[in-house]
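Architecture and fold: a report
Spelled out from the first residue to the last, the chains are:
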Amino acid sequence: MSLKNIKYKKNYESNTVDSNPLIDFYIPVLKTSIQYDRIASYYSSSSLVAIANGISGFLKNGGKIRLIINVVLDKKDYDAINDGLDNPLEILESKIVKDINNIKVDIYENRWKVLSWMIAENKLLIKVGVVQKNIEHSKLAIFHDQYGNTVSALGSTNESASGWIQQSNLFAAFNNWTPGVKGYVNEHINIFNKMWKGEGSKT
């Protein structure tokens, strides 16, 4: 399955009863991707719980995430990230994740251990966006599949369970196969890569 097989809306918003961006967009797109690049502003590992039904398919595809966040982190998330960076061999040998196909069970039981495992396994790379006298506040998501198809989403959603489920948010979706839209996707890729390299003008 490719990203082209998913039915898209131009815009997604969570302030309508019959609208669910998590179910309608995020999970099916993530499940079909092999790379997920994200500028998230606020990040919480609670997002792993929200996307548990999609992350197993993503990881089964060999998927990797590049994540840019701001400096505000929950202490448990901070400790889990550092544990993955400081003790990768110990974490991998402990076999926290025994079967990627059932990783959602591990997430529900202890999402922080899964976060550490993803860091140790190089499935999740994180950089902190440091802005002079303020915080990184951009939100951008870019998904790539194995066939060269790309979908990007630009809007207000943070990478957290509350951002995807509880808050009222709005974002627009773009792809690289529809005439007149590909340029937006390419620009989003350029923006992410520039920030990933630390080339932002305010950093």
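These numbers come from a predicted model, not from an experiment.

Cut-offs used in this document
- Residues numbered from 1 in each chain as written.
- Predicted model: local features only at pLDDT ≥ 70, side-chain atom pairs only at ≥ 80, totals over all residues.
- Heavy atoms only, no water.
- Pairing = 2+ DSSP bridges.
- Helix = DSSP H or I, 4+ residues; strand = E, 2+ residues; numbered from the N terminus.
- Axes fitted to C-alpha atoms, helices over the stretch in contact; angles between N-to-C directions.
- 1 Å grid on protein atoms, 1.4 Å probe; cavity = no way out; pocket = protein on both sides within 12 Å on 5 of 7 lines; lining within 4 Å.
- Points joined across faces, edges and corners; volume = space filled by probe spheres on them.
- Nonpolar A, V, L, I, M, F, W, Y, C, P; charged D, E, K, R; others polar.
- Buried < 20%, exposed > 50% of the residue type's maximum accessible area, 1.4 Å probe, protein only.
- Contact = heavy atoms within 4.5 Å.

**Re the sheet that holds strand S2 (residues 35-41)**
- Across the sheet, which stays open at both edges, the seven strands sit in the order S1-S9-S8-S7-S2-S3-S4 with mixed pairing between neighbours. Where the open sheet ends on each side, the last strands, each with one partner, are strand S1 (11-13) and strand S4 (124-128). In this sheet, neighbouring strand axes are inclined to one another by 15 degrees on average, regardless of whether the strands run parallel or antiparallel.
- Judged from the five bridges that link them, strand S7 (residues 140-144) and strand S8 (residues 150-155) form a sheet pairing that is antiparallel. Residue pairing for S8: Ala141 is matched across the bridge by Ala153.

**Quick look at empty space enclosed by the protein**
- Applying the stated criterion to the full structure yields two cavities of 30 Å³ or more.
- Computed from the structure, the largest cavity encloses a volume of approximately 90 Å³.
- Contributing to the lining of the largest cavity are Tyr26, Leu30, Tyr36, Tyr43, Ser47, Leu48, Ile51, Ile65, Leu67, Met118, Leu124 and Glu159.
- Counting only elements with at least two residues in the lining of the largest cavity, the list comes to helix H1 (21-32), helix H2 (46-50) and strand S3 (64-69).
- A class-by-class count of the residues in the lining of the largest cavity yields 10 nonpolar, one polar and one charged.
- If you add up the space inside the second largest cavity, you get close to 60 Å³.
- With three residues, S8 is the single largest residue contributor to the lining of the second largest cavity.
- Classifying every residue of the lining of the second largest cavity by side-chain character gives five nonpolar, three polar and two charged.

**Describing the environment of Lys113**
- Assignment of secondary structure puts Lys113 in helix H7 (residues 111-120).
- The exposure class of Lys113 is partly exposed, given its relative accessible area of 47%.
- Taking the C-alpha atoms as reference, Lys113 lies 8.8 Å from Val97; in sequence the two are 16 residues apart.

**What about the side chain of Thr32?**
- Locating Thr32 in the fold gives a position in helix H1.
- Those residues within four positions of Thr32 in sequence are excluded, and the remaining contacts are Met1, Ser2, Leu3, Ile6, Asn61 and Asp145.

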